[in-house]
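Per-entry structural report
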There are 2 protein chains.
Amino acid sequence: MTDIKLNHLAIVVDDMQAALRFWRESLGLSQAGEIKSVPAEEVDIAILKLGDAQIELIQPTTDESGVAKYLAKRGPGLHHLCLEVPDLDAKLEELSARGCELINEKPRDRDGRRYAFIHPKSAGGVLLELYEETSADCRAGGK
Amino acid sequence: MTDIKLNHLAIVVDDMQAALRFWRESLGLSQAGEIKSVPAEEVDIAILKLGDAQIELIQPTTDESGVAKYLAKRGPGLHHLCLEVPDLDAKLEELSARGCELINEKPRDRDGRRYAFIHPKSAGGVLLELYEETSADCRAGGK
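Quick caveat: nothing in here was measured; it's all calculated off a predicted structure.

Parameters at a glance
Residues numbered from 1 in each chain as written. Chains lettered and ligands numbered in written order. Predicted model: local features only at pLDDT ≥ 70, side-chain atom pairs only at ≥ 80, totals over all residues. Heavy atoms only, no water. Axes fitted to C-alpha atoms, helices over the stretch in contact; angles between N-to-C directions. Helix = DSSP H or I, 4+ residues; strand = E, 2+ residues; numbered from the N terminus. Left-handed = near helix turned anticlockwise from the far one by under 90°. Contact = heavy atoms within 4.5 Å. Nonpolar A, V, L, I, M, F, W, Y, C, P; charged D, E, K, R; others polar. Phe/Tyr/Trp six-rings, centres within 6.5 Å; stacked < 30°, edge-to-face > 60°. Buried < 20%, exposed > 50% of the residue type's maximum accessible area, 1.4 Å probe, protein only. Pairing = 2+ DSSP bridges. Least-squares fit on C-alpha atoms with pLDDT ≥ 70 in both.

1. What to know about the packing of helix α1 (residues 16–26) of chain A against helix α3 (residues 88–97) of chain B
Across the interface, α1(A) lies against α3(B) with an axial gap of 11 Å and an inter-helix angle of 145 degrees. Seen from above, α1(A) lies across α3(B) with right-handed handedness. On the side of α1(A), the interface is formed by A:Phe22, A:Glu25 and A:Ser26, while α3(B) contributes B:Lys91, B:Glu94 and B:Leu95. Looking at the contact of α1(A) with α3(B) residue by residue, the class counts come to two nonpolar, one polar and three charged.

In structure tokens:
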């Protein structure tokens, strides 16, 4: 048994409107909210609902970000997989102890999201994000 | 509202045992069954449970298949996304009418699975498989 579940699947796009025409208009996925600008990550993001999970369409807004460089090198397509885990700190410690290379050794915290990336070297070529759902109380504890 | 859901996410690997060590042993996903050999596709497949959906680890067993060429060109990592749709024939007709390029214009049927691939050109760089759950009765109808 496992309590790991899909949080989102990120797709890097070079034309957000064209991507939305395919995923939303042609395929029929529902969009959650409007396109969101995330200047800290130099991207625009559109979220499509996929059951309890989401597809995130990510378009770089500069040429310098990691996502922009990925797009320039590999073209648009599947970018990363985000799985939700019950205890992110414990999972990162366990992965580290098993010799996995972590991009973020400690969870990052932004807008109430606690997450960390695992290096594709250790995850069979997949850029893997692990995510923990947190409540405001937990976050205030600074765990 | 949409009734499209994730069926599986396929990851191409160059070392199945190493991949299972990461996804199953280190990360903690449950494996469904044993590694399955699929000679018709020239791959071995291991299935990991992800809620109601699955992660499929795919390793080519020859150098000639599409998956083998993908692996040689792009390395291991996320390979394709499979979404379940309620009416595959209708969805393919609709996508075609909207100008999307289909790899399989009509659904393929194997082992009770009805599926068709959409060309990455039309799906923002993503190799997208659409899948319809079928009963034996429906399949016997040859629809």
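2. Some details on the packing of aromatic side chains
Residues and elements named next belong to chain A. Applying the stated criterion to the full structure yields four aromatic pairs over all chains. Relative to Trp 23, the ring of Phe 22 has its centre 5.0 Å away and its plane inclined at 85 degrees; by these criteria the two rings are edge-to-face. With relative accessibility at 4%, the residue Phe 22 sits in the buried group. According to the relative accessible area criterion, Trp 23 is buried, its value standing at 1%.

3. Some details on the sheet that holds strand β1 (residues 5–12) of chain A
Residue and element names in this part refer to chain A. The strand order across the open sheet built from eight strands is β2-β3-β4-β1-β5-β8-β7-β6, with neighbouring strands paired in mixed fashion. Since the sheet does not close on itself, it has two edges, and those belong to β2 (31–38) and β6 (108–110), each with one partner. Between one strand and the next, the sheet's axes are offset by a mean angle of 25 degrees, whatever the strand orientation. When strand β3 (residues 43–50) meets strand β4 (residues 53–60), the two strands line up antiparallel, connected through eight bridges. Pairing of Val 43 across the sheet is with Pro 60, part of β4.

4. Here's the deal with the sheet that holds strand β7 (residues 113–118) of chain B
All names here are of chain B. With respect to topology, eight strands assemble into an open sheet ordered β2-β3-β4-β1-β5-β8-β7-β6, the strand pairing being mixed. Single-partner strands in this sheet number two, and they are β2 (31–38) and β6 (108–110). Direction aside, the axes of adjacent strands within the sheet are offset by 25 degrees on average. Where strand β1 (residues 5–12) meets strand β4 (residues 53–60), five bridges bridge the pair, whose relative direction is parallel. When the bridges of β4 are listed, Val 12 appears paired with Ile 58. The strands touched by helix α1 (residues 16–26) within the sheet are β1, β2, β3 (43–50) and β4, with β3 carrying the most contacts at an inclination of about 0 degrees.

5. Comments concerning the relation of the copies chain B and chain A
In this structure, two copies of a chain are linked by a rotation about an axis accompanied by a shift along it. By a simple turn and slide, chain B fits onto chain A: the slide is 0.0 Å along the axis, the RMSD is 0.0 Å, and the turn is 180 degrees. Here the symmetry operator amounts to a two-fold rotation axis. By C-alpha distance to the rotation axis, the residue of chain B lying nearest is B:Leu78, at 3.3 Å. By residue overlap, the copies meet face to face through one surface: 100% of the interface positions of chain B are interface positions in chain A.

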